[in-house]
Amino acid sequence: MKKGINTICTHEGDIKDEQFKGAVSPLYMSTSYAFEDVEVKRYPRYFNTPNQVALSQKIAALEHAGAAMIFGSGMAAISTALLAFLRAGDHIVLQKSLYGGTYNFVNEEFSKYGIEYSFTEGLEPEDFETKIKGNTKVIFVETPSNPLLTITDLSAISKIAKKHGLVSMIDNTFASPVNQNPIDFGIDIIIHSATKYMGGHSDICAGAVASTEENMDRIFQLAKNLGGSLSDYTVWLLERSIKTMGIRVKAQNNNAQHMAEFLEGHSEIDKVYYPGLPNHPGHELAKSQMRGFGGMLSFELNPKYDASLFQKALQLIKPSMSLAGVESTVLSPAQTSHALIGAEERKNQGITDGLIRFSVGIEEPEDLIADIEHALAQVRSPSIVNVQ
Ligand SMILES: *Cc1c(COP(=O)(O)O)cnc(C)c1O
């Protein structure tokens, strides 16, 4: 029976408590399990404890995949998936404007393993295809992207990958499985930082990968050696978090649309980047491959105002590094997530100093608007700023 998103979130993969009939999956903290037969050797680093298996089943169902694995962080998931499909002498094509950690992993580590890489110049399918070489093995995209919420054409990318015999991978963190299922568009491997929408409460660091059983077996063969598994206690907490992911993300979609429209109509905001706005260059594409436009947006404060003062003057919305929690947060990519890539590369990616990334939470939109209006009033007359 095909189930809807909130039913999968709530029930898929539940471990039945046969002993006490408790409402939720029991937590098995054992790192040692008696052999049932020679084939099953349960061990946390083999990604096969009862709680890991149960949650993997939920994540696979959420991504319409055959199998899934849970990792200790989003970067553990990304690095393991990439290295499972690349070896010395291979080449990978990556989308420009990726999550900063992925960009750093590729730039700082790949040359040590003799893996060649190219970043695209643009985001059109041709931009990917022109970078493909004889030794290219993987194509890697992120849509919507961080922090400018650009949209990449999933069907076109999967067609290019199939034509050239490549494995296609996506970082699906910003969309979450609630808004986008890339497997339905032919993408092979789906990666999440579960620290974000899957966790949703800014208290779990985790990652996930979903794909076919065959691809997941290949990833497992490397993952057991690299050892990036997640503690069962955190696996259990993540299962609890995902139960409400559907309703959280839908609330965040609605709030983000509301905030994007408010900011767009504001005379002191120069630009708003949100795929749910009809004037966003990726709007039509987003409509064709996403069920909702997500809870992330970015905006540019008019340069005559001080962007860091604006962030300090906010009282409800917190300036903070991470994203996707139930609480609204903002950050300056130039000062934080994209600080390490350097001014030149930031300019190349269109990330200005006045750009503010806004992770919209589940608060009442009227309260978020009031907070932004109050902060704008403060930066308009900086002499009377009363930063609390
Ligand atoms: C946070 C994030 C990551 C990295 O995840 P961690 O859990 O911090 O390792 C990767 N991709 C995107 C889009 C992210 O937002």
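Per-chain numbering applies: the sequence of each chain, read as written, is numbered from 1 onward. Note on the predicted model: pLDDT of at least 70 is required for a residue's local features to be given, and 80 or more for side-chain atom pairs to be given and counted; whole-chain, interface and lining totals, by contrast, use all residues. Only hydrogens and water are set aside when side-chain values are computed; all heavy atoms of the structure are taken into account.

**Q** Break down the nonpolar core for me, with residues and values.
**A** Only buried residues count toward a nonpolar core. Its members are Ala, Val, Leu, Ile, Met, Phe, Trp, Tyr and Cys residues joined through side-chain atoms within 4.5 Å. Note on classification: 1.4 Å probe, protein chains only; a residue is buried when its accessible area is under 20% of the maximum for its type, exposed when over 50%, partly exposed between these limits. If you look at the biggest cluster of nonpolar residues, it comprises 42 residues, and the most contacted ones within it are I59, I139, L238, I242 and M245. Only runs of H or I of at least four residues qualify as helices and only runs of E of at least two qualify as strands under DSSP, and these elements are numbered from the N terminus. When contributions to this core are tallied by element, the ones reaching two or more residues are α1 (5–11), α2 (50–62), β1 (67–71), β4 (136–142), α6 (154–163), β7 (207–211), α9 (232–243) and α10 (245–264). Segmentation of the chain into domains, including their bounds, is taken from an automatic or database domain assignment. Split by domain, this core shows at least three residues from each of two domains, domain 1 (5–242) and domain 2 (245–380). Pairs of residues are marked as contacts when any of their non-hydrogen atoms sit within 4.5 Å. Once residues within four sequence positions are removed from consideration, I242 is found in contact with C9, L55, K58, I59, L62, M198 and R248.

**Q** Provide a residue-level description of the UniProt feature "transmembrane region" (unreviewed entry) in the protein chain, including the pertinent values.
**A** UniProt positions are given in the numbering used here, feature names are shortened, and annotations may be inferred rather than shown by experiment. UniProt's feature table lists "transmembrane region" (unreviewed entry) at residues 65–86, given in the numbering used throughout. With 50% helix and 23% strand, residues 65–86 has its two end C-alpha atoms placed 22 Å apart.

**Q** Can you tell me about the domain arrangement of the protein chain, naming the residues and giving the values?
**A** Each domain of the protein chain was delimited in the assignment, giving domain 1 (5–242) and domain 2 (245–380). Between domain 1 and domain 2, the residue contacts involve 39 residues of the former and 42 residues of the latter. Buried area between domain 1 and domain 2, both sides added, is near 3300 Å², and the carbon and sulfur share of it is 59%. A per-residue breakdown of the area domain 1 buries against domain 2 is headed by L148, N179 and Y197, which together make up 23% of the total. Criterion for a salt bridge: a side-chain nitrogen of Lys or Arg within 4 Å of a carboxyl oxygen of Asp or Glu. If you look at where domain 1 meets domain 2, you find 0 salt bridges. Buried area is calculated as the accessible area (1.4 Å probe) missing from two parts once they are joined, with the contributions of both summed.

**Q** If you had to explain the site of the ligand to someone new, which residues and values would you point to?
**A** Neighbouring residues are identified by heavy atoms, a residue being near a molecule or strand if any of them is within 4 Å of it. Taken together, 14 residues surround the ligand, and among them G74, M75, D171, T195 and K196 come closest. At 2.6 Å from a nitrogen atom of the ligand is found a side-chain nitrogen or oxygen belonging to D171. Taking S193, its side chain carries an N or O atom lying 2.9 Å from an oxygen atom of the ligand. Using a 1.4 Å probe, accessible areas were evaluated by the Shrake-Rupley method; residue-level cover was limited to the displayed protein chains. Notes on the ligand: free accessible area 380 Å², of which the protein chains cover 92%. Top element by residues in the shell around the ligand is helix α3 (residues 74–84). It accounts for 3 residues. In terms of residue class, the shell around the ligand is made up of 6 nonpolar, 5 polar and 3 charged. Counting of polar contacts relies on pairs of N or O atoms within 3.5 Å, with two restrictions inside protein: one atom must be capable of donating a hydrogen and the other of accepting it, and residues adjacent in sequence are counted only when both atoms are side-chain atoms. Residue type decides the class: Asp, Glu, Lys and Arg count as charged, Ala, Val, Leu, Ile, Met, Phe, Trp, Tyr, Cys and Pro as nonpolar, and the leftover types, Gly among them, as polar.

**Q** Give me the pattern of salt bridges: which residues, what numbers.
**A** Opposite charge on two side chains makes pairing possible when the charged atoms of those side chains draw close. If you walk through the whole model with that rule in mind, you get 9 salt bridges. Between E121 and K131 there is a salt bridge; the shortest N-O distance is 2.9 Å. With E121 in the loop between β3 (116–119) and α5 (125–129) and K131 in the loop between α5 and β4, the pair connects residues that are 10 residues apart, well separated along the chain. You can call E121 exposed: its relative accessible area is 58%.

**Q** Which residues make up the sheet that holds strand β5 (residues 167–171), and what are the values?
**A** Think of it this way: DSSP has to see at least two bridges between two strands before they count as a pair. Pairing is mixed in the open sheet, where 7 strands are placed in the order β1-β7-β6-β5-β4-β2-β3. What marks the edges here is a single partner per strand, and that holds for β1 and β3. Shown here is a sheet whose adjacent strand axes are inclined to one another by a mean of 20°, direction ignored. Of the strands in this sheet, β1 and β7 touch α2, which is tilted by about 120° from β1. Relative to strand β6 (residues 189–193), α3 is tilted by about 155°, and along the sheet it contacts β1, β2 (91–94), β4, β5, β6 and β7. In this analysis, axes come from line fits to C-alpha atoms, helices being fitted only over the stretch in contact, and the angle between any two N-to-C directions falls in the range 0 to 180 degrees.

**Q** An account of the sheet that holds strand β10 (residues 318–319) is requested, with residue identities and associated values reported.
**A** Across a sheet, strands are paired by hydrogen bonds formed along the backbone, either parallel or antiparallel in direction. The 5 strands are arranged β8-β9-β12-β11-β10 in an open sheet whose pairing can be described as mixed. Among the strands making up the open sheet, the edge pair consists of β8 (269–273) and β10. Relative to the sheet, α10 contacts β8, β9 (296–301) and β12 (355–359), its axis offset from that of β9 by approximately 15°.

**Q** Now, about the packing of α10 against helix α14 (residues 365–380): what can you tell me, with residues and values included?
**A** Put simply, α10 and α14 touch, their axes get as near as 10 Å, and they point 35° apart. In this structure, the crossing between α10 and α14 has a hand that is right-handed. Facing α10, whose interface residues are N255, H258, M259, F262 and L263, α14 presents P365, L368, I369, I372 and E373. Split by residue class, the contact of α10 with α14 holds 7 nonpolar, 2 polar and 1 charged. By definition, any crossing whose near helix is turned counterclockwise from its far helix by less than a right angle is left-handed, and any crossing with a clockwise turn is right-handed.

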